[in-house]
Amino acid sequence: KMAAQSPTNMTVLYGELNKFINVSDYKQALKAANKSEWIEINEGKEDTEAMHCKAVCMMQMSQFAEALKFIEGAPEIKDAYPFSLLVFEKAYCQYRLLQTEDALDTINQVKSPDLRLLELKAQVLYKLGQYSASLALYKNLIKEFSDEFEEERMTNISAVHAALSAFDGKIGLQTELGFKVESYEQLYNKGCWLLGHNRVVEAQKVLVQAEEVCRGLYVDDPDQNVFDSRKKMKATIAPGLENKLVPFQKKKIDFNRALLFMYSNQWEACRKLLKSLQRDHNDSIVPCLIQAAQIGREKGSSKAVEYLQHSDPDISPEIDLTDVKLCLVQLLLGLGNLEEACLVLEALGDVTYTPAVVSCLVSLYNAQRGGEVKAARLIERAIEWHKNNKSPAPILSSLMWESSEFALKHNNPKSAAGTLEEILRFEPKNVKVLAKLIFAYSMFNQTKAHQISENLPSLSDLSVHVDVDDLERNASRLAPRYVKKQKDKDVDAKDSSSNTEIIKKKRKKKKNPVPKDFRENYHADDERWLPLRERSYYKGRRKDRKKGGVGKGTQGTHMGAS
């Protein structure tokens, strides 16, 4: 009896399951796939088609852990199906659960993978940072397949190009993307690709275009503040998004979230996030720098200095802390603590002797009382360090030149002369150094200065050829007033057979015109700048003229009263 009724019951069950799947109601479809009738019809065994639908429904509801557990624990599926038919579901679950290497192993078990597996493999390789292999696979897919997912493949391949230029350092791999970008995702990826090639101006234009295209898509969206910073950052922590980002991108997003919390004065949220960042990303100094900035904004620069000086940030010992120390120097300078800032710069090791830091330290020492001696010693040590480390000649020459300038400025011409002579040993034709050496010797040994001056090149050697005709041609652009005067002179010029003689006219000097109100021998009042009341000749106003009833009453009344 059960065998006779099974076709009808099977049709009803499949019809119910198909109805929910067509309307994307995967929750009800999962319930339909879990009904006990499937087991009764198959004589105690679950239907493999229904089990497959059950796995897909769980995946559609983002229940990847449950789906993977179900696939790996269902022997009926393995017995009834070739393993390759469910390898995609298993590999995709592993991929979404960040079991990326396991996903690649699962895919590689299939000798002849289909289109879905090849595309998933390309994404897995991208997530593992194997960008070159991912790019080669995507190129092969574009050649062999053409369907409605063409645009998505082009978006993915543009993302691989961007990753190669930004993360893999393969800037010269390809000069162009090789296809026209249209969607905002493709434009964004192209902008990142251009940044990886250091084409910043072009990248900015493309990224602005990507934003405009994206705005156009969401112009009818009720949320008009989609590009607001907080909402944009909130979108980066949406469920499932972490599976689409490489570790480098996730780290940058976390850093930006911390910065957003700091700039919006959300101190507690910022501290909580930074604590986890310092634990999870101890290979970076960025969390430490953000923490110092947050403390500075919340409690002041002095507290930030205390944090950087006395705290022990959880940073790997292999990480260079130069930027952290430079941040400390900046804070100390802001507080006016020059001496302590100099101590930090002096303790930077080899970085202390770089030209930029040496220049900074010399300026700071010059701003302190008695700092000239320290500055001179620092320059000597820097020159010696570069000699021992065989630095490039331009760096050493620049430092020695500045050393001579410093010595001359502080009335030490002998030291300057010695340094300049040393420069001439490896730059014997440097006229500028030779002239400065003559100047230095002239301050304490004029005889020596005369002897060295004989080594100066002649004026003819130093002269520069000037193309007069070219100067005249460009004169209209450089000095139009001169050209006008020259044309006026050319009108009065007289030509001879061999050359042209220009007759110079004597210009009459015009006398300065006399002002209309000019008074000869007039002497201005010396007290004219003072208020009237403060001048020596001020006698006060005659306010008593109208006292005594003058002007009061009708005309003639006052005379009669008198």
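By convention here, each chain's residues receive numbers from 1 onward along its written sequence. In view of the model being predicted, local features appear only for residues whose pLDDT reaches at least 70, and side-chain atom pairs are presented and counted only at 80 or more, with totals across whole chains, interfaces and linings using the full set of residues. With hydrogens and water stripped out, all remaining heavy atoms of the structure feed into the side-chain values.

Draft legend 1. Just the overall build of the chain, in detail. Going along the chain from the N terminus, every DSSP run of H or I of four or more residues is numbered as a helix, and every run of E of two or more is numbered as a strand. When helices and strands are tallied, the chain shows 31 helices and 2 strands. The cut-offs for exposure are 20% and 50% of the maximum accessible area for each residue type, with area from a 1.4 Å probe on protein chains only; residues under the lower value are buried, those over the upper are exposed, and the others partly exposed. Here the chain holds 562 residues, and 32% of them are scored as buried. Sequence separation of 24 or more characterises 46% of the internal contacts of the chain that already satisfy a separation of 6 or more. Total accessible area on the chain stands at roughly 38,000 Å², and carbon and sulfur atoms take up 52% of it. Here a residue-residue contact requires only that any non-hydrogen atoms of the pair lie within 4.5 Å. Residue burial considers only the protein chains on display, and all accessible areas are found by Shrake-Rupley using a 1.4 Å probe.

Draft legend 2. The arrangement of the side chain of His 386 in detail. With respect to the helices and strands, the residue His 386 is situated in helix H22 (residues 372-388). Contacts of His 386, omitting those with residues within four sequence positions, involve Tyr 353, Ser 391, Ile 395, Leu 396 and Leu 399.

Draft legend 3. Region of interest: unusual backbone geometry. Of note, Ser 62 is a non-glycine position whose phi angle comes to about 65°, a positive value. As for its position among the elements, Ser 62 is in the loop between helix H4 (48-60) and helix H5 (64-72). One non-glycine residue, Lys 390, lies in positive phi territory at about 50°. Note on placement: Lys 390 falls in the loop between H22 and helix H23 (393-409).

Draft legend 4. Just the environment of Ala 347, in detail. Structurally, Ala 347 is set in the loop between helix H20 (338-346) and helix H21 (355-366). With a relative accessible area of 52%, Ala 347 lands in the exposed category. For the pair Ala 347 and Lys 325, spaced 22 residues apart in sequence, the C-alpha separation works out to 9.3 Å. The contacts of Ala 347, once residues within four sequence positions are left out, are Lys 325 and Thr 352.

Draft legend 5. Geometry of H5. Of the positions making up H5, those classed as buried are Phe 64, Ala 67, Leu 68, Phe 70 and Ile 71. Axial view of H5: buried residues confined to an arc of 160°, hence all on one face. Starting at the helix axis, one direction is taken to each C-beta atom, and the arc is that of these directions.

Draft legend 6. Region of the structure containing the packing of aromatic side chains. Planes of paired rings set the category: under 30 degrees apart is stacked, over 60 is edge-to-face and the rest tilted, where pairs are Phe, Tyr or Trp rings (Trp by its six-membered ring) whose centres lie within 6.5 Å. Overall, the coordinates contain 6 aromatic pairs when judged by the stated rule. Where Phe 64 meets Tyr 92, the ring centres are 6.0 Å apart and the plane angle is 65°; that geometry is what we call edge-to-face. Placement of the pair is Phe 64 in helix H5 and Tyr 92 in helix H7 (residues 84-96), with a sequence separation of 28 residues. Judged by relative accessible area, Phe 64 falls into the buried class, the value being 7%. With a centroid separation of 5.8 Å and 25° between ring planes, the pair formed by Tyr 353 and Trp 385 is classed as stacked. Of this pair, Tyr 353 sits in the loop between H20 and H21 while Trp 385 sits in helix H22, and the two are 32 residues apart along the sequence. Note on Tyr 353: relative accessible area 16%, which makes it buried. In textbook terms, an aromatic cluster arises when at least three aromatic residues are bridged by ring pairs, as seen for Phe 64, Phe 88, Tyr 92 and Tyr 95. Above the face of the Phe 88 ring, Arg 116 is positioned so that its terminal group lies 4.1 Å from the ring centre. Ring-over charges, as used throughout, are those where CZ of Arg or NZ of Lys falls within 6 Å of the ring centre and within 35 degrees of the ring normal. Over the ring of Tyr 522 we find Arg 519, and its NZ or CZ is 4.1 Å from the ring centre.

Draft legend 7. Structural detail: the side chain of Ser 404. In this fold, Ser 404 is placed in helix H23. Among the polar contacts made by the side chain of Ser 404, one reaches the main-chain carbonyl oxygen of Trp 401 at a distance of 2.6 Å. Look past the residues within four positions of Ser 404 in its chain and what remains in contact with it is Ala 416, Thr 419 and Leu 420. Polar contact criterion, stated in full: a pair of N or O atoms within 3.5 Å, where within protein one must be able to donate a hydrogen and the other to accept it, and residues adjacent in sequence count only if both atoms are side-chain atoms.

Draft legend 8. Representation of the environment of Gly 418 within the structure. Mapping Gly 418 onto the fold places it in helix H24 (residues 413-426). Residues Gly 418 and Ala 440 lie 22 residues apart in sequence; the distance between their C-alpha atoms is 9.5 Å.

Draft legend 9. Region of the structure containing the packing of helix H8 (residues 100-108) against helix H9 (residues 115-127). Here an axis means a line fitted to C-alpha atoms, over the contact stretch when the element is a helix, while the angle between two N-to-C directions is reported on a 0 to 180 degree scale. Between H8 and H9, the least distance of the axes is 10 Å, while the angle of their chain directions is 150°. Where H8 crosses over H9, the handedness of that crossing is left-handed. Here Thr 100, Ala 103, Leu 104, Ile 107 and Asn 108 of H8 lie close against H9, whose contacting residues are Leu 117, Leu 120, Lys 121, Val 124, Leu 125 and Lys 127. Polarity classes work like this: nonpolar for Ala, Val, Leu, Ile, Met, Phe, Trp, Tyr, Cys and Pro, charged for Asp, Glu, Lys and Arg, and polar for all others, with Gly in that last group. For the contact of H8 with H9, the per-class residue count stands at 7 nonpolar, 2 polar and 2 charged. In this scheme, a crossing is called left-handed if the near helix is turned counterclockwise away from the far one by less than a right angle; it is called right-handed if the turn is clockwise.

Draft legend 10. Representation of the confidence of the model for the chain within the structure. In the predicted model, the chain carries a mean pLDDT of 78, and the fraction of residues at 70 or more is 75%. Ignoring residues within four places in sequence, the model shows residues 1-5, a span with pLDDT below 50, making 1 contact including any to other chains. The predictor attaches a confidence to each residue, and that confidence, scored 0 to 100, is pLDDT.

Draft legend 11. Region of the structure containing the nonpolar core. Leu 308, Leu 345, Leu 361, Val 362, Leu 378, Leu 420 and Leu 437 are the most contacted members of the largest nonpolar core, which totals 50 residues. Among the elements that make up this core, the one with the highest residue count is H23 (7 residues). Looking at which domains feed residues into this core, each of domain 1 (232-346) and domain 2 (348-457) gives three or more. Excluding its chain neighbours within four sequence positions, the residues that come into contact with Leu 345 are Leu 326, Val 329, Thr 352, Val 357, Cys 360, Leu 361 and Leu 364. To form a nonpolar core, buried Ala, Val, Leu, Ile, Met, Phe, Trp, Tyr and Cys residues must be joined to one another through side-chain atoms within 4.5 Å. Grouped together as the second largest cluster of nonpolar side chains are 26 residues, Ala 91, Val 110, Val 124 and Leu 137 included. For the domains described, the bounds stem from an automatic or database domain assignment.

Draft legend 12. Up close: the packing of H21 against H22. Direction vectors running N to C along H21 and H22 enclose 165°, while the axes themselves pass 8 Å from each other. Accordingly, the angle class assigned to the pair H21 and H22 is roughly antiparallel. By crossing handedness, the relation of H21 to H22 is classed as left-handed. In this structure, H21 uses Val 358, Leu 361, Val 362, Tyr 365 and Asn 366 to contact H22, whose residues at the interface are Glu 372, Lys 374, Ala 375, Leu 378, Ile 379 and Ala 382. Class assignment of the residues belonging to the contact of H21 with H22 gives a composition of 8 nonpolar, 1 polar and 2 charged. Angles are sorted into four bins: roughly parallel if under 35 degrees, roughly antiparallel if over 145, roughly perpendicular if 65 to 115, and oblique for all others.

Draft legend 13. Local environment of helix H13 (residues 200-217). In a regular helix each residue adds 1.5 Å, so 18 residues correspond to 26 Å; H13 covers 26 Å between its end C-alpha atoms and thus fits that length. Every buried residue of H13 is listed here: Ala 203, Val 206, Ala 210 and Cys 214. All buried residues of H13 lie within an arc of 80° about the axis, which places them on one face of the element. Of the residues in H13, the exposed ones pointing more than 90 degrees away from the buried face are Val 201, Gln 204, Lys 205 and Glu 212. Buried residues belonging to H13 abut helix H12 (184-196). Here, expected helix span is obtained from the residue count minus one, scaled by 1.5 Å.

Draft legend 14. Focus on a negative patch on the surface. A patch is a set of surface residues, each over 30% in relative accessible area and not in a salt bridge, joined within 9 Å for like charges and within 5 Å for the nonpolar side chains Val, Leu, Ile, Met, Phe, Trp and Tyr. The salt bridge definition used is simple: a Lys or Arg side-chain nitrogen within 4 Å of an Asp or Glu carboxyl oxygen. The charge count includes Lys and Arg as positive and Asp and Glu as negative, but it does not include His or the ends of the chains. For the purpose of locating charges, the reference atoms are NZ of Lys, CZ of Arg, CG of Asp and CD of Glu. A contiguous patch of negative charge on the surface is contributed by Glu 148, Glu 151, Glu 152, Glu 182 and Glu 185. For Glu 148, the location among the structural elements is in the loop between helix H10 (131-144) and helix H11 (150-166). Using a relative accessible area of 65% as the deciding quantity, one classes Glu 148 as exposed.

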